[in-house]
Amino acid sequence: MQIDNQGITLDTIQDVIAADETQLQGTYGADFYIKPEGVIDNIFASAAFMEMDIQDQLAFLVKQFDPETAEGIWQDALYERIGVERLAAEPTRFDLRVVGTNGFSGVAGDITIRSDLTNEEFTNTADYTLDTNGATLTFECVVPGATVVQAAETFKIVEAPNDVTGLATSGNTSIDIGRNRETDDEFRARFRQSKAIDSKATRNANYANLLKYVDNENFLNIYDKKNDNNMAAGTIEIVAKHNTSDAIFADAIFNTVADGIDFIGSTSVTLQDASGEDVVIKFNNATETPIVFNITANIKTGYVQQTVFDNAKQAIINYANNTHIFGLGSKIFATEFIVPLLNTEGMAAVTDIEIKKTGDADYTDILTLTKYQVPTFDISNITITLGS
């Protein structure tokens, strides 16, 4: 095992056995080798495996005690020490009018309704009293998370007091889409903000201060000597899919990165410092890379093929743009899109799915983008063919 300023490098089993051989050759001569067939040799091999297990445990603990790499409950414990707690999932909420007996009073949670589109269930959040027009109630999903509700979506009553006789036919209002439980990556980004916002010079500070110029933390990466040992000291490379002009983004970089840093990048913007001297800010704009799908699927009896396929294509777009947002340098597995496809009403089975980047000759099961590429998804790049 090697421990240095780059972290921990684990040995292989061959490294451990080779080190033992070298040490033992000093006692037993240069002809001594650890072989798989001998009793003594097997003892040393077993000891080597035990050492590998200890190295794995040490590497795990080092990872979990580093705020930049900690995961799950280890991450929670570290961040709570500075008062940062993971954001829990929150349910989707919306307003919908119910009708029934004038003057009837009900309580929170006594009405359950179900979406005709997704089969998700919702309950009323507060007590209420009906008048001649009923009452407009706030409903929330019984399962916390980013459940999508459409304005024109329809519902049916699953459970309610007898005096609640129906739902208004007008659309849902005040829709507030919920939030999924904060992921490790999202939690880490917010931790960086809490530690570094408005500070200057460190990579974490630069990252936190530039987050406001991207729509998702996965659309921003900053490289320097600390996380890329091949870079020269005093240099920085910023790669981003930003949501503003190059000039504004360059100004944001200028206002957060410490003086004396050399910038790397193909996009160049010239600004002026307080003394009127020109300062050249360089960074790399992400290359938006369209992803092409080729899918073979079967539909259930009684459904219109075109309707099912159109809805399935939209399900892929919703998944990629809302549920799992793919960022710079993403690794994209074709199979992970099977779930939204099968959740499409009328879809019976997905018999084949493959993907590629626009311009590639061949489809594949897995795509790995470069650190400069961010994937984009469009219905026009999705082909679904009916299986035999």
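Conventions we followed
- Residues numbered from 1 in each chain as written.
- Predicted model: local features only at pLDDT ≥ 70, side-chain atom pairs only at ≥ 80, totals over all residues.
- Heavy atoms only, no water.
- Core = buried A, V, L, I, M, F, W, Y, C linked by side-chain atoms within 4.5 Å.
- Buried < 20%, exposed > 50% of the residue type's maximum accessible area, 1.4 Å probe, protein only.
- Helix = DSSP H or I, 4+ residues; strand = E, 2+ residues; numbered from the N terminus.
- pLDDT = per-residue confidence, 0-100.
- Contact = heavy atoms within 4.5 Å.
- Expected span 1.5 Å × (residues − 1).
- Patch = residues over 30% accessible without salt bridge, like charges linked within 9 Å, V, L, I, M, F, W, Y side chains within 5 Å.
- Areas by Shrake-Rupley, 256 points an atom, 1.4 Å probe, with all protein chains shown as cover.
- Salt bridge = Lys/Arg side-chain N within 4 Å of Asp/Glu carboxyl O.
- Polar contact = N/O pair within 3.5 Å; in protein donor to acceptor, adjacent residues only side chain to side chain.

Trainee: Is there a simple way to think about the nonpolar core in this case?
Mentor: In globular proteins that are soluble, nonpolar side chains generally tend to be buried together. Formed by 28 residues in total, the largest nonpolar core has its most connected members in Leu210, Leu220, Ile238, Ile253, Ile281 and Phe283. Taken together, the elements giving at least two residues each to this core come down to α5 (203–210), β12 (220–223), β13 (235–240), α6 (246–256), β15 (267–272) and β16 (278–285). Counting 25 residues, the second-largest nonpolar core is a separate cluster that includes Val308, Ile316, Ala334 and Met347.

Trainee: Whenever I open this one, the confidence of the model for the chain confuses me. Can you help?
Mentor: The predicted coordinates should not be examined in detail at positions where pLDDT is low. Here the chain shows a mean pLDDT of 85. Residues at 70 or above account for 87%. Counting contacts from residues 196–201, a segment whose pLDDT is below 50, to residues more than four positions away or on other chains yields 20 contacts.

Trainee: What am I meant to see in helix α7 (residues 305–323) here?
Mentor: For an α-helix the count is 3.6 residues per turn, leaving residues at separations of three or four pointing the same way. Taking 1.5 Å per residue as the helical rise, α7 with its 19 residues ought to reach 27 Å, and the 25 Å between its terminal C-alpha atoms agrees with that figure. Buried within α7 are the following residues: Val308, Phe309, Ala312, Lys313, Ala315, Ile316, Ile317, Tyr319 and Ala320. Buried residues along α7 sit against β17 (287–299), α8 (338–342), β19 (347–357) and β22 (382–386).

Trainee: How should a nonpolar patch on the surface be read in this particular structure?
Mentor: The grouping of Phe60, Leu61, Ile73 and Trp74 at the surface amounts to a nonpolar patch, some 390 Å² of accessible area in total. Of all elements in the fold, only α2 (39–64) and α3 (72–80) reach the threshold of two or more residues within the nonpolar patch. Relative to the elements of secondary structure, Phe60 occurs in helix α2.

Trainee: It is not clear to me how the environment of Phe333 should be interpreted in this structure. Could you clarify?
Mentor: Its place among the elements puts Phe333 in strand β18 (residues 331–333). Sequence separation between Phe333 and Thr368 is 35 residues, and the spatial gap between their C-alpha atoms is 8.9 Å. If we skip the residues at most four places from it in the chain, Phe333 touches Ile355, Asp365 and Ile366.

Trainee: Explain the side chain of Asn216 to me, please; I cannot follow it from the model alone.
Mentor: Topologically, Asn216 is positioned in the loop between α5 and β12. Classification of Asn216 by relative accessible area gives buried; the value is 11%. Only 2.8 Å separates the side chain of Asn216 from the backbone nitrogen of Asn218, close enough to count as a polar contact.

Trainee: Before we go on, may I ask you to explain unusual backbone geometry in this structure?
Mentor: Most peptide bonds adopt trans geometry, and most residues besides glycine take a negative phi value. Of note, Asn119 is a non-glycine position whose phi angle comes to about 70°, a positive value. When you line up the elements, Asn119 lands in the loop between β5 (112–115) and β6 (121–124). In this structure Asn119 comes out as exposed when scored by relative accessible area, which is 56%.

Trainee: Just to check I follow, could you spell out the environment of Phe219 for this structure?
Mentor: Note on placement: Phe219 falls in the loop between α5 and β12. Here the alpha-carbon distance between Phe219 and Ala286, two residues 67 residues apart in the chain, equals 8.1 Å. Among residues more than four places away in sequence, those in contact with Phe219 are Val214, Val239, Ala240, Lys241, Ile325, Phe326, Gly327, Leu328 and Val374.

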